[in-house]
Amino acid sequence: VPLIKLNDVWKIYQMGESDFAALRGINLEIYEGEFLVVLGPSGSGKSTLMNLIGCLDLPSRGTVFLNSGDISELEESELARIRGQMIGFIFQSFNLIPTLNTLENVLLPLEFQEEDPHTAQKKAAYLLEIVGLSDKKHNLPSQLSGGQRQRVAIARSLAVNPPVILADEPTGNLDSKTGNYILEFLNSLNKKEGKTVIIVTHDLELIKYATRIVYIRDGRIEKVEECILDEGRK
Ligand code: ADP
Ligand code: ADP
């Protein structure tokens, strides 16, 4: 059973007099443990697709299934609950809270989980260690470089241990060293912890870890490529 399934999905944006179909009949099944890369030029519908996969938006036509359940029937509050449990977002706008330090930013999603404060602190500190920011716990976002902010956002998105990680241009804005580091990290989450990773990008560098590549153009899937995996992955 696919974890996420899009069945003839259309997204139509109303723009004054005219409508614009950003997605035009997308059929896609995503399985647990995949490292899926969605490639396409700017304006091809990648972010729109990501928003639908991440339950941030609903299709104009067609159906989105998550764990076999039709999410288009759900109330926003229910959708938000599923998002919170299932999906870690790594989006380019880092959305860190500027008045909270690094540790507090990572702690934030844990506070909504009513986790015991001591455990939450330990978990947040551990996540910052994983992304290599133990020494920046008390820095505010404004006191971090772009790459460091991105890493804080990653630590925060992992705090609730979501089975699915969605990343929109995760290496966008980053220098190649930091970008590579983040990619390696996403790869290890996928290969070692079995997390489902879905990345949209126009950066060809990112395909080296993909188990499958979906090419999107003008709101349609142009091509799907299975990637050859080394032994032990299958
Ligand atoms: P990509 O992420 O591949 O650059 P997007 O999904 O952001 O593509 O956008 C696909 C198309 O839909 C673009 O032509 C964009 O201008 C249009 N679009 C995106 N969001 C909106 C919106 N909220 N209202 C109107 N048009 C939009
Ligand atoms: P990048 O090219 O990765 O974005 P920056 O040039 O922004 O890196 O930052 C380089 C180093 O300077 C980083 O280690 C960061 O911690 C530090 N730094 C950047 N901005 C500030 C700041 N406002 N206050 C303190 N340290 C900063």
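All figures in this text were calculated on a predicted structure; none of them were measured in a lab.

Of all 10 residues that make up helix 3 (residues 102-111), 7 are buried, and the element is covered over most of its length. What helix 3 keeps buried is the set Thr102, Leu103, Asn105, Val106, Leu107, Pro109 and Leu110. Where helix 3 is buried, its residues touch helix 4 (117-130) and helix 5 (146-158). Capping the start of helix 3 is the job of one residue whose side-chain oxygen sits 3.0 Å from the backbone nitrogen of leucine 103: asparagine 101.

Moving on, we come to the site of ligand 1. Neighbouring ligand 1 are Tyr13, Met15, Phe20, Ala22, Pro41, Ser42, Gly43, Ser44, Gly45, Lys46, Ser47 and Thr48. At 3.1 Å from an oxygen atom of ligand 1 is found a main-chain nitrogen or oxygen belonging to serine 44. Here threonine 48 contributes a side-chain N or O atom positioned 2.6 Å from an oxygen atom of ligand 1. For ligand 1, the accessible surface in isolation is 560 Å², of which the surrounding protein chains cover 63%. Elements that contribute at least two residues to the shell around ligand 1 include exactly strand 1 (4-15), strand 2 (18-30) and helix 1 (46-53). With 3 residues, the top contributor of residues to the shell around ligand 1 is helix 1. A breakdown of the residues in the shell around ligand 1 according to their chemical character gives 5 nonpolar, 6 polar and 1 charged.

The next thing to look at is the packing of aromatic side chains. Applying the stated criterion across every chain yields a total of 1 aromatic pair. A ring pair is formed by phenylalanine 35 and tyrosine 209, whose centres lie 6.3 Å apart and whose planes are at 55 degrees; its orientation type is tilted. On the criterion of sequence distance, the pair formed by phenylalanine 35 in strand 3 (residues 35-39) and tyrosine 209 in the loop between strand 8 (196-201) and strand 9 (212-217) is long-range, its members being 174 residues apart. When its relative accessible area of 12% is taken as the criterion, tyrosine 209 is described as buried. Sitting above the plane of the phenylalanine 20 ring, arginine 24 keeps its charged end 5.8 Å from the centroid. Across the ring face of tryptophan 10, the terminal group of arginine 61 is positioned such that the distance to the ring centre comes to 4.7 Å.

Here we come to the pairing of strand 1. In this structure, strand 1 lies alongside strand 2, joined through 10 bridges in antiparallel fashion. Across the sheet, the residue bridging to isoleucine 4 is isoleucine 30, located in strand 2. Connecting strand 1 to the next strand, strand 2, in antiparallel fashion are 2 residues, including glycine 16 with a positive phi near 60 degrees. As paired strands, strand 1 and strand 4 (residues 61-66) are joined by 5 bridges and run antiparallel to one another. Across the sheet, the residue bridging to leucine 6 is valine 64, located in strand 4.

Attention now goes to the environment of leucine 49. By the secondary structure assignment, leucine 49 is in helix 1. Here the alpha-carbon distance between leucine 49 and tryptophan 10, two residues 39 residues apart in the chain, equals 9.6 Å. Those residues within four positions of leucine 49 in sequence are excluded, and the remaining contacts are Leu6, Leu23, Ile26, Val38 and Ile216.

Taking 1.5 Å per residue, 13 residues should reach 18 Å; helix 5 reaches 19 Å between its end C-alpha atoms and fits that length. For helix 5, a buried count of 11 out of 13 residues is recorded, marking the element as mostly surrounded by other parts of the structure. Considered for burial, the residues of helix 5 that qualify are Gly147, Gln148, Gln150, Arg151, Val152, Ala153, Ile154, Ala155, Arg156, Ser157 and Leu158. Taken together, the buried residues of helix 5 touch strand 6 (87-90), helix 3, helix 4, strand 7 (164-168) and helix 6 (176-193).

Turning our eyes to something else, we now look at the environment of isoleucine 199. Among the secondary structure elements, isoleucine 199 is positioned in strand 8. Here the alpha-carbon distance between isoleucine 199 and alanine 167, two residues 32 residues apart in the chain, equals 4.7 Å. Leaving out residues up to four positions away in the same chain, isoleucine 199 has contacts with Phe35, Leu36, Val37, Val38, Met50, Ala167, Pro170, Leu183, Leu186 and Leu206.

Rules used throughout
- Residues numbered from 1 in each chain as written.
- Chains lettered and ligands numbered in written order.
- Predicted model: local features only at pLDDT ≥ 70, side-chain atom pairs only at ≥ 80, totals over all residues.
- Heavy atoms only, no water.
- Buried < 20%, exposed > 50% of the residue type's maximum accessible area, 1.4 Å probe, protein only.
- Helix = DSSP H or I, 4+ residues; strand = E, 2+ residues; numbered from the N terminus.
- Contact = heavy atoms within 4.5 Å.
- Polar contact = N/O pair within 3.5 Å; in protein donor to acceptor, adjacent residues only side chain to side chain.
- Near = heavy atom within 4 Å.
- Areas by Shrake-Rupley, 256 points an atom, 1.4 Å probe, with all protein chains shown as cover.
- Nonpolar A, V, L, I, M, F, W, Y, C, P; charged D, E, K, R; others polar.
- Phe/Tyr/Trp six-rings, centres within 6.5 Å; stacked < 30°, edge-to-face > 60°.
- Lys NZ or Arg CZ within 6 Å of the ring centre and 35° of its normal.
- Pairing = 2+ DSSP bridges.
- Expected span 1.5 Å × (residues − 1).

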